[in-house]
Amino acid sequence: MRRSTDRILVSHAGNLPRPPYLDELIEGGRARDGSTRKEYHERLPKAVGEVVDRQMDCGVDIVNDGEYVKGGSYGGYMQERVAGFATVPSDGRKPKRGGAGERDRQEFPGFYASGLWFSGSGGPVRPGFATPGEVRPTNTGRMRACTEPITYTGQAAIAEDVANLKAALQGKGVEGYIAALGPLSLGAGIHNLHYKTEDEYMMAVADACRQEYKAITDAGLIVQVDEPEFCTTWSFYPDWNREDLRRYLGFAVDVLNHSLRGLPEEQVRFHTCWGSGHRPHVHDIEIKYIADLMLKINAMQYSIEAANVRHEHEYHVWEEVKLPEGKMLMPGVISHATDLVEHPELVAERLINYAGVVGRENVQTGTDCGIGSRVGHEEIVWAKLKAMSEGAAIASRTLWRS
């Protein structure tokens with residue numbers, strides 16, 4: 001993983017717009033049947049090659065595969081690569097926890113009843129003066145559960161992901177990363193009906209995730225561990241206080257580090273955020289309460305949401321919480337929360353704020369989250385990435401001024 005030695009390097013945090021020839025094979029986030037899924041995968045090498053080139057055209061230095069293999073399903077793809085989970089009758093069991101906006105929901109019940117919170121969160125509608133109606137849970141009376149030993153079965157799938165990205169990178173002089181689901185996001189919300197303890201269950205989930213991460217780093221690529229639950233767990237449990245959260249996150253660090261054990265830290269990026277829903281976010285946990293715990297995760301780089309209007313000011317936290325030597329921050333300087341395209345000067349200002357606290361060589365650009373499915377149109381995505389690289393160039397001229 002390169003450092004920003006003579007300019008601010010440019011990357012982003014996740015998914016990008018799919019081409020129409022992939023979208024036409026997807027319905028509801030999934031390929032419709034076995035034949036269309038086969039055709040989807042046959043089209044992936046071309047699509048990954050095109051999206052790598054498009055990122056380079058926008059000035060991105062550390063590129064990804066667009067997350068096309070996920071087909072619009074943030075976590076569902078990993079369920080297909082891990083055995084041991086099943087959908088079973090709930091038999092009266094309640095969900096293990098609330099939703100990502102549970103604390104906000106209590107203060108803004110009318111907003112949640114309107115259904116607008118789902119807009120921009122990968123959902124079917126956009127923000128605006130519409131009330132699509134309350135989003136109700138589906139599959140009531142049934143639940144996902146761990147019913148057998150957790151084992152990783154996705155060796156062929158991750159090998160295909162790696163091969164597609166490496167072929168697209170060949171001879172182009174940019175770094176590549178693949179985003180992979182974190183163990184909390186994979187398993188923490190699912191009932192354990194097999195292992196004796198929750199600790200044993202979550203360590204088994206971490207073991208499965210590690211195989212995916214290792215395949216990525218063994219190929220010489222950067223793995224981005226996507227773990228929004230490091231921030232959003234606060235909302236899952238509205239009755240918790242901060243001490244409860246920190247106690248849980250101490251366990252979460254152990255789980256994450258178990259999934260990363262033995263992997264080269266210089267190839268690990270950790271991403272967390274406060275979720276992508278267009279909701280008030282007034283009850284997001286502030287980064288100052290959890291930053292020290294996040295830094296215990298064995299990663300070289302930490303990708304954090306920082307363009308969100310609830311969190312943009314939090315670069316000041318790093319004046320008190322010292323970034324360990326050799327570590328890097330990738331603050332989001334582009335937001336998925338608005339279709340407004342950030343001005344490059346604003347991007348530069350955000351980068352300079354972080355560089356002034358942690359050092360210019362320890363900063364790369366990021367987006368708050370994946371933006372491919374979270375802004376109104378793909379044209380906006382590419383405009384935002386271009387604005388980000390232009391802002392990085394402006395910041396670099398200031399920071400490396402002779």
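Refer to the preceding data block for the structure.
All values reported here derive from a predicted model rather than from experimental measurement. (Residues numbered from 1 in each chain as written. Predicted model: local features only at pLDDT ≥ 70, side-chain atom pairs only at ≥ 80, totals over all residues. Heavy atoms only, no water.)

A. Structural view of the overall build of the chain. Counting its secondary structure elements, the chain contains 14 helices and 13 strands. Taken over the C-alpha trace, the chain has a radius of gyration of 20 Å; the compact-globule value for 402 residues is 21 Å, and the two agree within 12%. In terms of overall dimensions, the chain has a C-alpha envelope of 70 × 50 × 50 Å along the principal axes. For the chain, buried positions account for 55% of its 402 residues. Taking all contacts inside the chain whose residues are at least 6 apart in sequence as the whole, residues at least 24 apart take part in 82%. Put simply, the chain shows about 17,000 Å² of open surface, and 51% of that area lies on carbon and sulfur atoms. Counting 46 positive and 56 negative side-chain charges, the chain places the averaged centre of each group 1 Å from the other. (Helix = DSSP H or I, 4+ residues; strand = E, 2+ residues; numbered from the N terminus. Rg over C-alpha atoms; globule rule 2.2 N^0.38 Å. Buried < 20%, exposed > 50% of the residue type's maximum accessible area, 1.4 Å probe, protein only. Contact = heavy atoms within 4.5 Å. Areas by Shrake-Rupley, 256 points an atom, 1.4 Å probe, with all protein chains shown as cover. Lys, Arg positive; Asp, Glu negative; His and termini not counted. Charge placed at Lys NZ, Arg CZ, Asp CG, Glu CD.)

B. Local environment of the sheet that holds strand S5 (residues 82-89). With mixed pairing, the 3 strands of this open sheet are ordered in space as S5-S6-S8. For this open sheet the edge positions go to S5 and strand S8 (191-192), each flanked by a neighbour on one side alone. Its contacts with the sheet place helix H8 (residues 198-218) against S5, strand S6 (142-152) and S8, and it is angled at close to 60° to S6. (Pairing = 2+ DSSP bridges. Axes fitted to C-alpha atoms, helices over the stretch in contact; angles between N-to-C directions.)

C. Representation of the nonpolar core in the model. Counting residues in hydrophobic clusters, the biggest one holds 107 residues, and the most contacted among them are Phe85, Ile150, Tyr201, Phe230, Phe270, Ile297 and Trp318. For Phe85, the residues in contact, after removing those within four places along its chain, are Gln79, Arg144, Ala145, Cys146, Ile150, Leu186, Ile190, Tyr201 and Val205. (Core = buried A, V, L, I, M, F, W, Y, C linked by side-chain atoms within 4.5 Å.)

D. Here's a closer look at the packing of aromatic side chains. Under the criterion given, the structure shown has 7 aromatic pairs. Judged by centre distance (4.1 Å) and plane angle (10°), the rings of Tyr237 and Trp240 are stacked. Cluster of aromatic residues (ring-pair linked, three or more members): Tyr237, Trp240, Tyr248 and Phe251. When the ring centre of Tyr21 is taken as reference, the NZ or CZ atom of Lys46 above it lies at 4.5 Å. (Phe/Tyr/Trp six-rings, centres within 6.5 Å; stacked < 30°, edge-to-face > 60°. Lys NZ or Arg CZ within 6 Å of the ring centre and 35° of its normal.)

E. Quick look at the side chain of Gln55. By the element assignment, Gln55 lies in helix H2 (residues 34-57). In this structure Gln55 touches His12, Leu16, Val60, Val63 and Asn64, once residues within four positions along its chain are discounted.

F. Structural detail: the pairing of strand S13 (residues 364-367). Residues Gln364 and Gly366 point to one face of S13 and Thr365 and Thr367 to the other, with burial holding for every one of them. As judged from the 2 bridges shared by strand S1 (residues 9-10) and S13, these two strands associate in the parallel manner. Bridged to Leu9 within S13 is Gln364. Across 2 bridges, strand S12 (residues 328-334) lies against S13 in parallel orientation. Along S13, the bridge assignment pairs Ile334 with Thr367. In this view, the connection linking S12 to its parallel neighbour S13 by way of helix H13 (residues 344-358) has right-handed handedness. (Right-handed = clockwise from strand over helix to strand, strands pointing away.)

G. Spotlight on the pairing of strand S11 (residues 301-304). Here S11 shows a buried face lined by Gln301 and Ser303 and a second buried face lined by Tyr302 and Ile304. Pairing of S11 with S12, which is carried by 4 bridges, proceeds in the parallel orientation. By the bridge assignment, Tyr302 is partnered in S12 with Leu329.

H. Seen up close, the pattern of salt bridges. This model, assessed by the stated rule, comprises 22 salt bridges. Where Glu212 meets Arg81, a salt bridge forms, and the shortest distance between an N and an O atom there is 3.0 Å. Placement of Glu212 in helix H8 and of Arg81 in the loop between helix H3 (76-79) and S5 is noted, with a sequence separation of 131 residues between them. You can call Glu212 buried: its relative accessible area is 1%. Owing to a relative accessible area of 6%, Arg81 belongs among the buried residues under this scheme. (Salt bridge = Lys/Arg side-chain N within 4 Å of Asp/Glu carboxyl O.)

I. Representation of the sheet that holds strand S7 (residues 175-181). Spatially, S1-S13-S12-S11-S10-S9-S7-S4 is the arrangement adopted by the 8 strands of the open sheet, whose pairing is parallel. The open sheet has two edge strands, S1 and strand S4 (62-63), and neither has a second partner. By the bridge criterion, 5 bridges tie S7 to strand S9 (residues 222-226) in an arrangement that is parallel. Bridge pairing links Tyr177 to Ile222 in S9. Sitting on the sheet, helix H14 (residues 378-399) is in contact with S1, S12 and S13, with an inclination near 160° to S13.

J. Spatial organisation of unusual backbone geometry. Positive phi, close to 50°, is recorded for Asp91, a residue that is not glycine. Tracing the backbone through its elements, the reader meets Asp91 in the loop between S5 and helix H4 (102-107). Since its relative accessible area comes to 64%, Asp91 is described here as exposed.

Note that all results are geometric; they support no functional claim without further evidence.
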